[in-house]
Amino acid sequence: MNKMLTCIGCPMGCQIEVELDDNGNFVSSKGWSCNIGKRYAQEEVTAPVRTVTALVEVEGRQEPLSVKTANPIPKGKIFDCLAELKKVKVHAPVAIGDVVVENLCDTGISLVATKNIL
Amino acid sequence: MKNVDIVIIGGGPAGLAAAIGAYEAGARDILILERENALGGILKQCIHNGFGLHTFKEELTGPEYAQRFIDKVREYNIPYQLDSMVLDINAEKVITCVSREHGVQQFKAGAIILCMGCRERPRGALGTPGERCSGIFTAGTAQKLVNLEGYLPGKKVVILGSGDIGLIMARRMTFIGAEVLCCVEVMPFSGGLKRNIVQCLDDYNIPLYLSHTVIDIHGKDRLTGVTIAEVDSHMNPIAGTEQYIECDTLLLSVGLLPENELSEMAGVKISPNTSGAVVDETLQTSVPGIFAAGNVLHVHDLVDFVSEESELAGKSAANYVKQAQQGTVSHRQVVMGNGVNAIVPQQISFTPDHDVHMMFRPRAVYKGAVITASVGEQTLYTKKARILAPGEMVNFTLKKDDLTAANPDLPLTVEIKEAA
Ligand SMILES: Cc1cc2nc3c(=O)[nH]c(=O)nc-3n(C[C@H](O)[C@H](O)[C@H](O)COP(=O)(O)OP(=O)(O)OC[C@H]3O[C@@H](n4cnc5c(N)ncnc54)[C@H](O)[C@@H]3O)c2cc1C
Ligand code: SF4
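## Quick look at the overall build of chain A
Step number 1: Secondary structure assignment for chain A yields two helices and ten strands.
Step number 2: Along chain A, helices and strands appear, N-terminal first, in the series β-β-β-α-β-β-β-β-α-β-β-β.
Step number 3: Over its C-alpha trace chain A gives a radius of gyration of 18 Å, far above what one expects of a compact globule, namely 13 Å for 118 residues.
Step number 4: C-alpha extents for chain A along the principal axes are approximately 55 × 30 × 20 Å.

This is the structure we're talking about:
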């Protein structure tokens with residue numbers, strides 16, 4: 001099976017074709033113009049990750065708290081994590097870097113505040 | 001009327017960095033005037049990550065990036081006044097400002113730094129026909145509603161324009177439970193960063209229709225749908241390609257315009273090319289003692305460069321105030337050659353006292369082209385670029401010694417030499 005990707009390494013945006021075996025394992029890639037693209041293609045098909053930024057409710061306030069995952073999480077877990085965040089309510093005050101949720105959806109990664117609320 | 005050495009208009013990333021730059025260059029009598037109720041400008045609502053990679057070598061969200069500068073302004077005890085809207089500036093550098101707390105105030109400034117940022121092109125600027133119903137927002141307005149006010153603007157969304165703010169909002173709307181049906185771009189390429197196309201559209205299977213536009217808007221009170229169509233190379237809709245899409249929300253991400261009403265009141269010359277002030281390498285405008293930096297000067301892609309540029313404006317303003325009255329400086333003009341658009345600065349003094357950072361936007365997409373800056377036969381800079389695109393600003397630096405040594409009778413020409 002083959003998969004097409006767009007490299008995000010630079011504005012060239014090379015179209016990379018990745019060859020996968022029957023178990024979805026990486027076999028080879030072509031179409032990149034440099035090593036950044038070569039590395040990106042392999043990572044992106046084997047273990048794609050994203051930093052997720054989102055909003056959580058603050059008790060008694062209309063203005064939400066902005067948050068992010070302290071490290072990138074597996075791409076496949078994004079919507080599980082977003083669903084989990086819907087249940088979270090924090091209490092002011094909150095400072096940048098405060099942990100809002102530990103070990104978010106068993107990713108081993110915590111969710112931290114990205115703004116100060118007095 | 002109160003005298004202040006340096007007044008900074010706008011407390012976004014540009015204003016904050018300008019204040020820090022001025023302070024670090026020795027100025028102490030500084031005042032930032034900001035019309036909103038908090039410092040930070042647009043970054044307050046940009047809760048996604050990707051800011052500051054260039055400056056801090058880590059990826060921050062907008063509010064985190066802004067906070068680093070706000071903390072510094074507090075550490076230096078630089079005064080700022082919130083909820084204070086500047087209404088007028090004149091050529092004598094008298095600033096009129098209004099706030100609930102202080103009423104109407106006037107300041108006489110030794111130097112002014114314009115840091116008012118930009119605003120989004122509204123629907124009116126587009127001339128899209130159709131009904132005048134609700135449910136149509138600029139992407140930035142929707143960003144503010146969602147991220148700062150906690151509202152969901154709609155459930156079925158079409159995005160017109162593939163600028164970065166629109167792309168970022170496609171992902172945000174998806175995250176908060178809306179269905180984003182498509183992103184429609186009139187040009188044959190997107191003006192947004194590749195990374196945003198991949199991580200905001202492709203990741204969520206949101207289609208991007210290039211060379212398409214919205215030709216009709218339907219709905220009496222609330223938007224009920226849009227008609228989109230493919231366009232030809234002259235941007236005219238092609239008959240037979242019309243498609244109706246049912247939606248309740250249309251987000252516009254069709255470009256930013258520097259906010260220069262105040263600059264014009266002060267008599268600052270505006271470049272038709274950047275829609276920002278004409279400046280020299282110290283970021284001084286055509287009015288001595290008035291400087292400009294950030295998105296009010298030219299629309300930036302990366303906030304890192306906004307901060308860098310604004311620090312220089314702060315430093316220049318501090319120097320201007322120190323030297324009380326400078327003689328008039330004569331300048332070499334900068335000429336935009338083939339492929340070059342929206343260059344800043346537009347003029348450079350004959351004997352600059354620092355290396356000069358040049359920025360411009362390519363007019364089109366070029367592969368394997370060479371960027372050159374030359375004075376007559378003398379080449380001051382040359383670099384081959386794998387790819388150049390209007391969506392990515394080009395940055396390079398000219399050495400002050402090279403500029404000083406160059407023939408004073410000739411302009412500096414910057415151009416893109418296309419691959420054969
Ligand atoms: C909607 C939107 C979204 C954006 N998203 C991104 C993004 O995701 N990533 C990115 O890198 N860049 C983004 N940008 C670009 C971003 O604006 C710049 O990187 C950066 O914020 C520019 O800083 P600035 O200080 O020049 O302008 P701004 O951040 O706009 O700050 C200008 C400040 O001046 C104040 N002001 C204006 N007029 C007056 C007046 N008359 N009196 C008093 N105060 C005044 C405003 O209230 C504001 O606080 C976005 C821009 C917009 C418009
Ligand atoms: S493969 Fe290299 S040249 Fe191609 S987009 Fe990626 S980083 Fe750029």
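## Section: the environment of A:V90
All names here are of chain A.
Step number 1: Within the element layout of this structure, V90 appears in strand 8 (residues 89–90).
Step number 2: Along the backbone, V90 and P11 are 79 residues apart, and their C-alpha atoms lie at a distance of 39 Å.
Step number 3: Ignoring anything within four residues of it in the chain, the contact list for V90 reads V56, E57, V58, E59, L65 and V100.

## Focus: the site of ligand 2
Step number 1: Lining the immediate surroundings of ligand 2 are A:C7, A:G9, A:C10, A:M12, A:G13, A:C14, A:W32, A:S33, A:C34, A:I36, A:G37 and B:R386.
Step number 2: Ligand 2 is flanked by residues contributed from chains A and B.
Step number 3: Of the residues contributing to the shell around ligand 2, the split by class is seven nonpolar, four polar and one charged.

## A few points about the pattern of salt bridges
Step number 1: For the coordinates displayed, the defined rule picks out 16 salt bridges over all chains.
Step number 2: When the shortest N-O distance is used, the salt bridge between B:K417 and B:E415 registers 4.0 Å.
Step number 3: Salt bridges sharing partners connect three or more residues here, namely A:E44, A:R50, A:K75 and B:D203.

## Section: the site of ligand 1
All names here are of chain B.
Step number 1: The local shell around ligand 1 holds 30 residues, among which A14, E34, I42, H48 and N295 are the closest.
Step number 2: The backbone of I42 places a nitrogen or oxygen atom 2.9 Å from an oxygen atom of ligand 1.
Step number 3: Here ligand 1, which alone exposes 960 Å², has 94% of that area covered by the protein.
Step number 4: Among the elements that take part in the shell around ligand 1, strand 6 (residues 84–89) stands out by supplying three residues, more than any other.
Step number 5: In terms of residue class, the shell around ligand 1 is made up of 15 nonpolar, eleven polar and four charged.

## As for the domain arrangement of chain B
Residue and element names in this part refer to chain B.
Step number 1: Once the domains are mapped, chain B shows domain 1 (1–120 + 256–326), domain 2 (122–254) and domain 3 (329–420).
Step number 2: A separation of 32 Å is found between the C-alpha centroids of domain 1 and domain 2.
Step number 3: Facing eleven residues of domain 1, the contacting portion of domain 2 comprises 15 residues.
Step number 4: Both sides together, the interface formed by domain 1 and domain 2 hides about 1100 Å², and carbon and sulfur atoms give 48% of it.
Step number 5: Broken down residue by residue, the surface that domain 1 buries against domain 2 is led by Q45, H48 and E120, which jointly contribute 57%.
Step number 6: Here domain 1 and domain 2 share two salt bridges between them.
Step number 7: For the salt bridge of E59 with R195, the shortest nitrogen-to-oxygen distance reads 3.0 Å.
Step number 8: The interface formed by domain 1 and domain 2 contains eight residue pairs in polar contact (both at pLDDT 80 or more).

## Here's the deal with a negative patch on the surface
Residue and element names in this part refer to chain B.
Step number 1: On the surface, E24, D71, E75, E308 and E311 cluster together into a patch of negative charge.
Step number 2: Secondary structure elements with two or more residues in the negative patch: helix 3 (62–75) and helix 8 (303–322).
Step number 3: Along the chain, D71 turns up in helix 3.

## Some words on the interface of chain B and chain A
Step number 1: If you look at the interface, chain B gives 27 residues, while chain A gives 30 residues.
Step number 2: Of the roughly 2500 Å² buried between chain B and chain A on both sides combined, carbon and sulfur atoms contribute 61%.
Step number 3: Area buried by chain B at its contact with chain A is led by B:F175, B:K194 and B:R386, which between them contribute 22% of it.
Step number 4: Applying the counting criterion to the chain B and chain A interface returns three salt bridges.
Step number 5: With its nearest N and O atoms 2.6 Å apart, the salt bridge here joins B:D203 to A:R50.
Step number 6: Applying the counting criterion to the chain B and chain A interface returns five residue pairs in polar contact (both at pLDDT 80 or more).
Step number 7: If you list the elements that add at least two residues to the side of chain B that touches chain A, you get helix 3, helix 4 (139–147), helix 5 (164–175), helix 6 (194–201) and strand 25 (378–388) of chain B.
Step number 8: Element by element, the count of residues in the side of chain B that touches chain A is highest for helix 6 of chain B, at four residues.

## Examining the environment of B:E261
Step number 1: One can find B:E261 in helix 7 (residues 261–265).
Step number 2: Counting along the chain gives 145 residues from B:E261 to B:M116, while the straight-line C-alpha distance between them is 9.8 Å.

## Observations regarding the sheet that holds strand 17 (residues 249–252) of chain B
All names here are of chain B.
Step number 1: Spatial ordering of the open sheet is given by 10-17-11-12-13, a layout of five strands whose pairing is parallel. Bordering the open sheet on either side are strand 10 (136–138) and strand 13 (208–209), each of which pairs with just one other strand.
Step number 2: Summarising the sheet, strand 11 (residues 156–160) and strand 12 (residues 179–184) pair through five bridges and their orientation is parallel. Within strand 12, the position partnered with V157 by the bridge is V180.

## Examining the packing of helix 1 (residues 13–24) of chain B against helix 3 of chain B
All names here are of chain B.
Step number 1: Axis separation between helix 1 and helix 3 bottoms out at 9 Å; the angle between their running directions is 35°. As helix 1 runs across helix 3, the sense of the crossing is left-handed. Side by side, helix 1 and helix 3 meet where L16, A17, I20 and E24 of the first sit next to A66, F69, I70, K72 and V73 of the second.

## What to know about the domain arrangement of chain A
Step number 1: Here chain A is described as being made up of domain 1 (2–47) and domain 2 (53–113).
Step number 2: For domain 1 of chain A and domain 2 of chain A, the distance between their C-alpha centres works out to 31 Å.

Rules behind the numbers
- Think of each chain on its own: its residues are numbered from 1, step by step along the sequence as written.
- Whichever chain is written first is A, and whichever ligand is written first is 1; the rest continue in order.
- Only residues with pLDDT of at least 70 are given local features in this predicted model, and only at 80 or more are side-chain atom pairs given and counted; all residues enter the totals for whole chains, interfaces and linings.
- The side-chain values count all of the structure's non-hydrogen atoms but skip hydrogen atoms and water molecules.
- Helix numbering and strand numbering both begin at the N terminus, where a helix is a DSSP run of H or I of at least 4 residues and a strand a DSSP run of E of at least 2.
- In this treatment the radius of gyration is a C-alpha quantity, and the globule benchmark scales as 2.2 Å times the residue count to the 0.38 power.
- Any two residues whose heavy atoms approach within 4.5 Å at even a single point are treated as in contact.
- We call a residue near a given molecule or strand whenever any one of its heavy atoms falls within 4 Å of it.
- Residue type decides the class: Asp, Glu, Lys and Arg count as charged, Ala, Val, Leu, Ile, Met, Phe, Trp, Tyr, Cys and Pro as nonpolar, and the leftover types, Gly among them, as polar.
- For this analysis, a salt bridge means a side-chain nitrogen from Lys or Arg found within 4 Å of a carboxyl oxygen belonging to Asp or Glu.
- Nitrogen and oxygen atoms within 3.5 Å of one another constitute a polar contact, given that in protein one can donate a hydrogen and the other can accept it, and given that sequence-neighbouring residues count only through two side-chain atoms.
- Using a 1.4 Å probe, accessible areas were evaluated by the Shrake-Rupley method; residue-level cover was limited to the displayed protein chains.
- Residue ranges assigned to each domain were obtained from an automatic or database domain assignment.
- Two parts placed together each lose some accessible area; with a 1.4 Å probe, that loss summed over both constitutes the buried area.
- Only residues whose relative accessible area exceeds 30% and that form no salt bridge enter a patch; like-charged residues are grouped when within 9 Å of one another, and nonpolar side chains (Val, Leu, Ile, Met, Phe, Trp, Tyr) when within 5 Å.
- This count recognises Lys and Arg as positive and Asp and Glu as negative, with His and chain-terminal groups excluded.
- Where a charge lies is defined by one atom per residue type: Lys uses NZ, Arg uses CZ, Asp uses CG and Glu uses CD.
- By this definition, two strands are paired if DSSP reports at least two bridges between them.
- Axis geometry follows a simple rule: fit a line to the C-alpha atoms, using only the stretch in contact for helices, then measure angles between N-to-C directions, giving values from 0 to 180 degrees.
- The hand of a helix crossing depends on one turn: near helix anticlockwise from the far one by less than a right angle means left-handed, and clockwise means right-handed.

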